[in-house]
Amino acid sequence: MALRETDRAPKVSLGVPKSGKKLTWDKRLHQKYLAHPGATKWAINLALSLAVVAVVYYPHEQLPEDEFVVGEVAVKTVKVPRDLDVEDTAATAKRREEAAAAVQSVYDLDTKAGAVAEERLKKFFQGFRELNMTRPADRGGGGQVIGVPSAFREEREQELLKGLGVPLDQDLLKALAHQNYSLELESAVQSLLRVAYGKPIVVSRELLLKDKDKGIVVRKLPQDERSALADFSSIQDLAEAQAAVEAAAQNQFKDKSASFRAAAGRLAAKLLAPPLTFNKDETEKVRSQAVAQVKPVFSKLKRGEIIVRRGDRITEPQVKKIKALASIRVPWELPFIYAGLLFLGLISLATVVHFASRNIRKFSFQPRDLIFLSLVLVISLASLKLVDQLSGPVREAFTGLPEEVDFRYLIALAGGAMLVRLVVNSEVALVYSLFAGLFGGLVAGRSLTFAFYTLVGSVVAAAEVGQCRTRAAILRGGLVLGLANVALVLMVALAENQFLEVQALLLNGFFAFAGGLFAAVIITGVVPFVESVFGYATDIKLLELLNQDHPLLKEMTLRAPGTHQHSLAVANLAEGAAEAIHANPLMARVLAMYHDIGKMQKPHYFGENQWDGKNPHLKLRPTMSALILTNHVKEGVELAEKHRLPREAIDCIAQHHGSSLIKFFYEKAKELENPEVDPVDELDFRYPGPKPQTREAGIMMLADAVESAARTMREPSHARIQGMVQKIISRIFTDGQLDECELTLKDLNAIAKSFNKVLGAMYHSRPDYPEPVEKGAVPLKKKSDADSDKRPDKKPKNGEGLDLEDSEEYLKRLGM
């Protein structure tokens, strides 16, 4: 099939031109999402944070109050979702009642009550004496009115009685009138009042005695001086005080008439008013202050504590706890919790990834890596959460299980780290282990011991599958993980003082060991799926690709045997160089075996397949020859995608020539150039690129060039091989083809030494054995060294010596 110059691969930096064929679903997924750089990483970080938060904190306990009625049978088990301090309303109310009951009643003591009574008594007697000094009004001679009118006298008497402040019966008024409201009677009543008001008087002593145990507070008025009073012996009841006053009048004024004594005693008793009175408003105010100072009583509810089990009768305290749980969460609480956790997860993920990308050499995160790690982490955490949710019904079914038994050990989050190490690398697996431990501890109820258990187990699991060449190695890693988990369970039991719980310890150890084995079995089945969808290449996959029965390698052997032999030689060079600089030798060998599969489409246009001596380039223009050479990269990429090779192999096919110049045909075109009619563009003689992006791809470029140059050498020696290797590496380095990979000058020196060693073994010299002489034949005369010294030096042939740039055959093979 002839090629036109317009069919050549476009010169784009990606190096993976579109083929125009319909892509399968997994390839569309990869091109649309997995290979998209830039802000996609932030979007994936955000999605991962959301997923982790949802897994960690869902599902929530729903506690509808109408499902829990005292005396009814609980339809489900209610557990405390997290450590809480719930207010005990009953205990709080009891303490407040006690505080209110302990408050002393406030009584007001009017210190001026006696003086006020005496003042009223004085005005009363003085007023009646003034009335008695005037006679009633009558008509004298001539019709004149003499004295106080009767109406005025009655009005004045009512004013005086009202001013006294106490009602007086007619008998007492007659007795007082009989004594003419004398000063002697007034003085007698005053003396009785002074004696009576000498002690506190209350309306009812029975009411006062209710506060006997705690005492009362006496507030003296109007000074508002307060003092506590616990001894009530000096306090008189009003009725007792009145009786005592009447008795005192009889005893104190024995020399007076009986009417005098009775009038004095009765009037004094009437004037007695209790100076000590209960102040209800002030007492309630003090009680309110005391109640307000009582702090609520909280009860500690630990996460996982069972309030009521399914099938049990619901009691009043249980209903109160459930209502308390339902009341602690306000409507706007959950959005704030999720927002905080989301930003916390996003910042922690971005920070760790950014730090690792800048400081860990082999840590390189692509969008597909983020998606893969996100899925592994979220699925692992979801499995852990599911087991945590199912552990409740299992405990209800098996009521004899100790509380220390932890079903979460059945889910080995370390299996995720094992999978990451298999398909990515150890550096990414270490970062994953950190996140698995952190979020695993959150799922396990913010358990620090479970986070430590997950972190250590993840590191052990990742280390065990570092060199995994067979499926059995994964199972062996699961076995080691199970044993490590058992040891960690013992350490956790010691740390939490549960070592004597033999039954729980045995069950937890069994769960931990089984979790490691389950993880290995699951990973064994998941790895092929991950390889297919995400385009990863594990060591197992690479070994399968090295099988010479692979369709591409078999086809190459039949259609382009020279290219196949070239690929084998390049594979030996690349593998040794990768080992020398501690790269991935297995990956380098696979890349070498498949880097030239595009040559199968037109094998006779490449020197290693021109064993019959026919060179079709002699009949083509230089631009067409350059087009054919560069097109094998495009065709190789298409074949690799068709046969679903790993992404690393596809990228290497596009990168193994970088953007190097096909120097031989470029120089030939320059010789035939007509600058005015058809000027030569150097870009037409360069490969489309991109340049190698990884160390393995860089090794592949060097090994390909060195092996091609080595085949052009005649009578290779150690010095010639060493000079050729150094010259090829220097040329590629100075051309800038290694600028985008991580090969250092130290690496290039080690690669050169490895190439010299391998090429020396491939092109070692052999002794010149003499040919057998037939019987009767005259043996040939051996040339002496002197003859050879006299013979003039032969002109070096093309390709011989160290000046390889002048070798036309070498340049044809190398395409430079």
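Residues numbered from 1 in each chain as written. Predicted model: local features only at pLDDT ≥ 70, side-chain atom pairs only at ≥ 80, totals over all residues. Heavy atoms only, no water.

Novice: So what exactly am I meant to see when it comes to the sheet that holds strand S7 (residues 216–221) here?
Specialist: Across a sheet, paired strands are connected by hydrogen bonds in the backbone, their directions being either parallel or antiparallel. Overall, mixed pairing links the four strands, which are arranged S8-S7-S3-S10 in an open sheet. Among the strands making up the open sheet, the edge pair consists of strand S8 (225–229) and strand S10 (276–278). When strand polarity is set aside, the average angle formed by the axes of neighbouring strands in this sheet is 30°. Both strand S3 (residues 105–110) and S7 contribute to a ladder of six bridges, which runs parallel. By the bridge assignment for S7, Ser105 is matched with Ile216. (Pairing = 2+ DSSP bridges. Helix = DSSP H or I, 4+ residues; strand = E, 2+ residues; numbered from the N terminus. Axes fitted to C-alpha atoms, helices over the stretch in contact; angles between N-to-C directions.)

Novice: I'm lost on the packing of aromatic side chains in this one. Help?
Specialist: The geometry of an aromatic ring pair is captured by the separation of the ring centres together with the interplanar angle, meaning the angle of the planes. One pass over the structure, following the stated rule, counts 18 aromatic pairs. Both rings, one in Phe124 and one in Tyr181, keep their centres 5.8 Å apart while their planes meet at 75°; by these two values the pair is edge-to-face. Placement of the pair is Phe124 in helix H4 (residues 113–132) and Tyr181 in the loop between helix H6 (170–178) and helix H7 (183–196), with a sequence separation of 57 residues. By the burial criterion, Phe124 is buried, and Tyr181 matches it. Counting every residue linked through ring pairs, the aromatic cluster contains Phe124, Phe125, Phe128 and Tyr181. When the ring centre of Phe260 is taken as reference, the NZ or CZ atom of Lys256 above it lies at 5.7 Å. Here the basic side chain of Arg408 rests over the ring of Phe450, its NZ or CZ set 5.8 Å away from the ring centre. (Phe/Tyr/Trp six-rings, centres within 6.5 Å; stacked < 30°, edge-to-face > 60°. Buried < 20%, exposed > 50% of the residue type's maximum accessible area, 1.4 Å probe, protein only. Lys NZ or Arg CZ within 6 Å of the ring centre and 35° of its normal.)

Novice: Quick question: what am I supposed to make of unusual backbone geometry here?
Specialist: For residues besides glycine, phi is generally negative; the peptide bonds are generally trans as well. Here the amide bond leading from Gly689 into Pro690 is cis, since omega sits at 10°, within 30 degrees of zero. Along the chain, Pro690 falls in the loop between helix H26 (663–671) and helix H27 (695–710). Located in the positive-phi region is Asn180, a residue other than glycine, with phi close to 60°. Residue placement: Asn180 occurs in the loop between H6 and H7. On the basis of relative accessibility, which here comes to 51%, the residue Asn180 falls in the exposed class.

Novice: I would appreciate a short explanation of the pairing of S3 in the present structure.
Specialist: Remark: a regular strand shows side chains that alternate across the two faces of the sheet. Counting buried residues along S3, five of its six residues qualify, which places the element largely inside the surrounding structure. Pairing of S3 with S10, which is carried by three bridges, proceeds in the antiparallel orientation. Following the sheet pairing, Leu109 is matched in S10 by Leu276.

Novice: Any chance you could explain helix H10 (residues 258–271) here in plain terms?
Specialist: With 14 residues, H10 should cover 20 Å at 1.5 Å per step; its first-to-last C-alpha distance of 20 Å lies within 8% of that length. Within the span of H10, buried status applies to Phe260, Arg261, Ala263, Ala264, Gly265, Leu267, Ala268, Ala269 and Leu271. Buried residues along H10 sit in contact with H4, helix H5 (150–164), H6, H7 and helix H9 (238–252). (Expected span 1.5 Å × (residues − 1). Contact = heavy atoms within 4.5 Å.)

Novice: Honestly, the pattern of salt bridges in this entry has me stumped. Any pointers?
Specialist: Side chains that carry opposite charge are capable of pairing whenever their charged atoms lie near each other. The tally for this structure, following the rule as stated, stands at 23 salt bridges. Measuring nitrogen to oxygen at the nearest pair gives 3.2 Å for the salt bridge that ties Asp406 to Arg408. Arg408 carries the same exposure label as Asp406, and that label is buried. One salt bridge connects Glu555 with Arg559, and the closest N-O pair in it is separated by 2.9 Å. Taken together, the positions of Glu555 and Arg559, both in helix H21 (residues 551–559) and four residues apart, correspond to about one turn of that helix. By relative accessible area, Glu555 is classed as partly exposed at 25%. Sharing partners across several salt bridges, the network here consists of Asp108, Arg219, Asp224, Arg226 and Glu282. (Salt bridge = Lys/Arg side-chain N within 4 Å of Asp/Glu carboxyl O.)

Novice: I tried to follow a nonpolar patch on the surface on my own but got confused; where do I start?
Specialist: Taken together, the side chains of Leu479, Leu483, Leu517, Phe518 and Ile522 define a hydrophobic patch exposed on the protein surface, amounting to about 460 Å² of accessible area. Broken down by element, the nonpolar patch gets its largest block of residues, three residues, from helix H19 (residues 502–534). You can see Leu483 is positioned in helix H18 (residues 471–495). (Patch = residues over 30% accessible without salt bridge, like charges linked within 9 Å, V, L, I, M, F, W, Y side chains within 5 Å. Areas by Shrake-Rupley, 256 points an atom, 1.4 Å probe, with all protein chains shown as cover.)

Novice: Can you help me understand the packing of helix H22 (residues 561–580) against helix H23 (residues 585–594) in this one?
Specialist: Angle between the axes and distance between the axes: these two values describe a pair of packed helices. The geometry of H22 relative to H23 is characterised by a closest axis approach of 8 Å and an angle of 160° between their N-to-C directions. Regarding the angle of H22 to H23, the classification is roughly antiparallel. Every pair of crossing elements has a handedness; the one defined by H22 and H23 is right-handed. Together, His564, Ser567, Leu568, Val570, Ala571, Asn572, Ala574, Glu575, Ala578 and Glu579 of H22 and Pro585, Ala588, Arg589, Ala592 and Met593 of H23 make up the contact between the two elements. (Parallel < 35°, antiparallel > 145°, perpendicular 65-115°, else oblique. Left-handed = near helix turned anticlockwise from the far one by under 90°.)

Novice: So what exactly am I meant to see when it comes to the confidence of the model for the chain here?
Specialist: Reading predicted coordinates in detail is not appropriate for stretches of low pLDDT. Across the chain, the average pLDDT comes to 80, with 82% of residues at 70 or higher. The least confident element of the chain is helix H30 (residues 785–790), whose mean pLDDT is 40; the most confident is H23, at 93. Ignoring residues within four places in sequence, the model shows residues 1–21, a span with pLDDT below 50, making 46 contacts including any to other chains. Predicted confidence for residues 32–38 stays below pLDDT 50, and this span has eleven contacts to residues more than four positions away or in other chains. (pLDDT = per-residue confidence, 0-100.)

Novice: Please explain the environment of Ala249 as it appears in this structure.
Specialist: By the secondary structure assignment, Ala249 is in helix H9. Overall, Ala249 belongs to the buried group, its relative accessible area being 0%. Setting aside residues up to four positions removed in sequence, Ala249 forms contacts with Leu192, Arg261 and Gly265.

Novice: How do you make sense of the nonpolar core when you look at a structure like this?
Specialist: Burial of nonpolar side chains together is a common tendency in soluble globular proteins. Counting 60 residues, the largest nonpolar core has Ile597 and Phe755 as the members making the most contacts within it. The element contributing the most residues to this core is H27, with nine residues. Of all hydrophobic cores here, the second largest spans 56 residues; its members include Ala412, Val420, Ala429 and Phe450. (Core = buried A, V, L, I, M, F, W, Y, C linked by side-chain atoms within 4.5 Å.)

Novice: How should the packing of helix H17 (residues 448–464) against H18 be read in this particular structure?
Specialist: Close contact between H17 and H18 brings their axes to 9 Å; oriented N to C, the two are set at 155°. With respect to H18, the element H17 is oriented roughly antiparallel. Read as a crossing pair, H17 and H18 show a hand that is right-handed. Facing Thr449, Phe452, Tyr453, Val456, Gly457, Val460, Ala461 and Glu464 of H17, the residues of H18 in contact are Gly477, Val480, Leu481, Ala484, Asn485, Leu488, Val489 and Val492.

Novice: Would you explain the environment of Asp681 in this entry?
Specialist: Its place among the elements puts Asp681 in the loop between H26 and H27. Note on Asp681: relative accessible area 38%, which makes it partly exposed. A sequence separation of eleven residues divides Asp681 from Lys670, and the C-alpha atoms of the two residues are 9.4 Å apart. Engagement of the side chain of Asp681 in a polar contact is seen with the backbone nitrogen of Leu683, the distance being 3.2 Å. (Polar contact = N/O pair within 3.5 Å; in protein donor to acceptor, adjacent residues only side chain to side chain.)

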